[in-house]
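The primary structure of each chain is shown beneath.
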Amino acid sequence: MEGKVSKERKIGIAKVRTPGKVIISGEHSVVYHKSALVMAINLFTEAQVTVFSREEQPPSIEVKIFQRVSGEVICLYEPGETNDQKEAKLIEHIIQDCNLIPQHKITLLVEISSQIPIGAGLGSSAAYSIALSGALYLGIQLYLGNQCNLTKASLNHKVSRYADVLERLIHTNPSGVDVAISLNGGMLTFLKGETPAQNQITLLPDASNSLNMILVNTNKARNSKLTIEAVMKLRDEQKERFENLIAKIGKLTELVIEQYTIPEQQDQLLLLQMIEENHFLLKELGVSCTEIETILQILSKFGISAKLTGAGGGGCVVGFITKEQVVEDDSLQKELKQSGFSLFSGIELSQGGMTFEISTEKEISKL
Ligand SMILES: Nc1ncnc2c1ncn2[C@@H]1O[C@H](COP(=O)(O)OP(=O)(O)O)[C@@H](O)[C@H]1O
Ligand SMILES: C[C@@](O)(CCOP(=O)(O)O)CC(=O)O
């Protein structure tokens, strides 16, 4: 990619890395101001930006976005023909917010790479929004020579606002929970406020629970936007039924949060029952599908309590077992595979959230 910009002076490189997530309880109801419990997982999206200052005319701020998928490089965004794209709107927003005047001659080459499957309910859109926003912001700061003034807090603040802009363009009405967990990492509870500034985020540093978690992908790609819109349709067409279901999921989630935060109240079997009840309510809300139900049946044969995670309609199922429970992994894997599903291996909590690395000609700094 560098060959394309040989007449330009390289200023530096910045990298942003941020995790995906699993919603333990509260998907959909979180959009309607009920609490959600969510954890970051060890699958990451990374964006690397290389910053060039151009010498030749005309002045302009050029951004190109590439994605690396299985060794192949695909162009996601180039200036010119694709200006109605969501990425173009984000770039415009960040340029304005950074007061970058068009007299500048700057090229930002962004390369995205991701371990998070897209459209699987594991927060790929939020991780993409954060990684891209962070890379663009850091690229501009590098160009302006402002990198020494950056603090982690100010970066988090900027990136959460920018990522929210892109998430709104990808989804219809995101709650903000995915951006919050990806930025912070670990485990947290999230309550949507009337404005994003009023969102309540409570980090759960010591949230340890005696349950083990497994993750299964239906391999049925779907779009969160459509599922969120289907729930909005239910709200508009069957108000009472919708409100009843959202209230029940909200209450159940509060009880699940207690299980994770009040050690004296921990009751593994009760928690497993609540996971199953949560799935039943999500199914009633209309966001399950045949593939998810088939996975639930398979998992139940192995004694695993499970629910869909994320927007539903496809995507992933999260299953829980007690530490004492023994599951025949090979048989489970075989049965899931035969039906076209995949069991993730090695998925665990990611304590860290978004991280940055900046390198100029002279220095390397990590934030
Ligand atoms: N790594 C990525 N690169 C480019 N776009 C992405 C990436 N991840 C997510 N997206 C965008 O987000 C959309 C999927 O988001 P969504 O339906 O919410 O699924 P998920 O549950 O995985 O977040 C994609 O259609 C695409 O527009
Ligand atoms: C359905 C919802 O609660 C979670 C969506 O998660 P995902 O996009 O499927 O990863 C929507 C939201 O909170 O914005």
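Within each chain, residues carry numbers counting from 1 in the order of the written sequence. Here every chain gets a letter starting at A, and every ligand a number starting at 1, in the order they are written. In view of the model being predicted, local features appear only for residues whose pLDDT reaches at least 70, and side-chain atom pairs are presented and counted only at 80 or more, with totals across whole chains, interfaces and linings using the full set of residues. Side-chain metrics rest on all non-hydrogen atoms present in the structure, leaving aside hydrogens and water.

For the protein, the name recorded in an unreviewed UniProt entry is Mevalonate kinase, with Halteria grandinella as its organism. Per its UniProt entry, the protein bears the Pathway (unreviewed entry) comment "Isoprenoid biosynthesis; isopentenyl diphosphate biosynthesis via mevalonate pathway; isopentenyl diphosphate from (R)-mevalonate: step 1/3." UniProt positions are given in the numbering used here, feature names are shortened, and annotations may be inferred rather than shown by experiment. According to UniProt, the comment filed for the protein under the heading Subcellular location (unreviewed entry) is "Cytoplasm".

**Student:** Just give me the short version of the confidence of the model for the protein, but keep the residues and values in it.
**Tutor:** A score from 0 to 100, pLDDT tells how confident the predictor is in each residue. Per-residue confidence for the protein gives a mean pLDDT of 91; residues scoring 70 or more make up 93%. The contact rule is simple, with two residues in contact once any of their heavy atoms fall within 4.5 Å. Counting contacts from residues 363-367, a segment whose pLDDT is below 50, to residues more than four positions away or on other chains yields 15 contacts.

**Student:** Account for the site of ligand 1, with residues named and values stated.
**Tutor:** To be near a molecule or strand, a residue needs just one of its heavy atoms within 4 Å of it. Surveying the vicinity of ligand 1 reveals 19 residues, the closest of which are Gly119, Ser124, Ser125, His171 and Ser224. Polar contacts here mean pairs of N or O atoms no more than 3.5 Å apart (in protein, one a potential hydrogen donor and the other a potential acceptor; neighbouring residues in sequence count only if both atoms are side-chain atoms). One of the side-chain nitrogen or oxygen atoms of His171 is found 2.5 Å away from an oxygen atom of ligand 1. Contact between ligand 1 and Ser224: an oxygen atom at 2.8 Å from a side-chain N or O atom of the residue. Computed by Shrake-Rupley with a 1.4 Å probe, the accessible areas treat only the displayed protein chains as cover when residues are assessed. Look at ligand 1: alone it shows 560 Å² of surface, and the protein chains cover 87% of it. An automatic or database domain assignment is the source of the domain bounds shown. The residue makeup of the shell around ligand 1 includes at least three contributed by each of domain 1 (2-203 + 350-366) and domain 2 (211-343).

**Student:** I'd love a proper account of helix α1 (residues 86-97), names of residues and values included.
**Tutor:** Helix numbers and strand numbers start at the N terminus; a helix is a DSSP run of H or I with at least 4 residues, a strand a run of E with at least 2. In this scheme, a helix's expected span is set at 1.5 Å multiplied by one less than its residue total. Spanning 12 residues, α1 covers 17 Å between terminal C-alpha atoms, matching the ideal 16 Å at 1.5 Å per step. Among the structural elements, β3 (60-69), β4 (72-77), α2 (124-144) and α3 (152-170) are those in contact with the buried residues of α1. Positive phi shows up at Asn99, right after α1, with a value of about 50 degrees.

**Student:** Describe the packing of helix α8 (residues 290-301) against helix α9 (residues 329-338), naming the residues involved and giving the relevant values.
**Tutor:** Orientation of α8 relative to α9, taken along the N-to-C sense of each, is 160 degrees, at an axis distance of 11 Å. Relative to α9, the element α8 lies roughly antiparallel. Handedness of the crossing formed by α8 with α9: right-handed. In contact with Ile295, Ile298, Leu299 and Lys301 of α8, α9 contributes Leu332, Glu335 and Leu336. Polarity classes work like this: nonpolar for Ala, Val, Leu, Ile, Met, Phe, Trp, Tyr, Cys and Pro, charged for Asp, Glu, Lys and Arg, and polar for all others, with Gly in that last group. Among the residues making up the contact of α8 with α9, the classes are represented as five nonpolar, no polar and two charged. Helix axes use the C-alpha atoms of the stretch in contact, all axes being lines fitted to C-alpha atoms, and the angles between their N-to-C directions lie in the range 0 to 180 degrees. Note that the term roughly parallel is reserved for angles under 35 degrees, roughly antiparallel for angles over 145, roughly perpendicular for angles of 65 to 115, and oblique for everything else. In this scheme, a crossing is called left-handed if the near helix is turned counterclockwise away from the far one by less than a right angle; it is called right-handed if the turn is clockwise.

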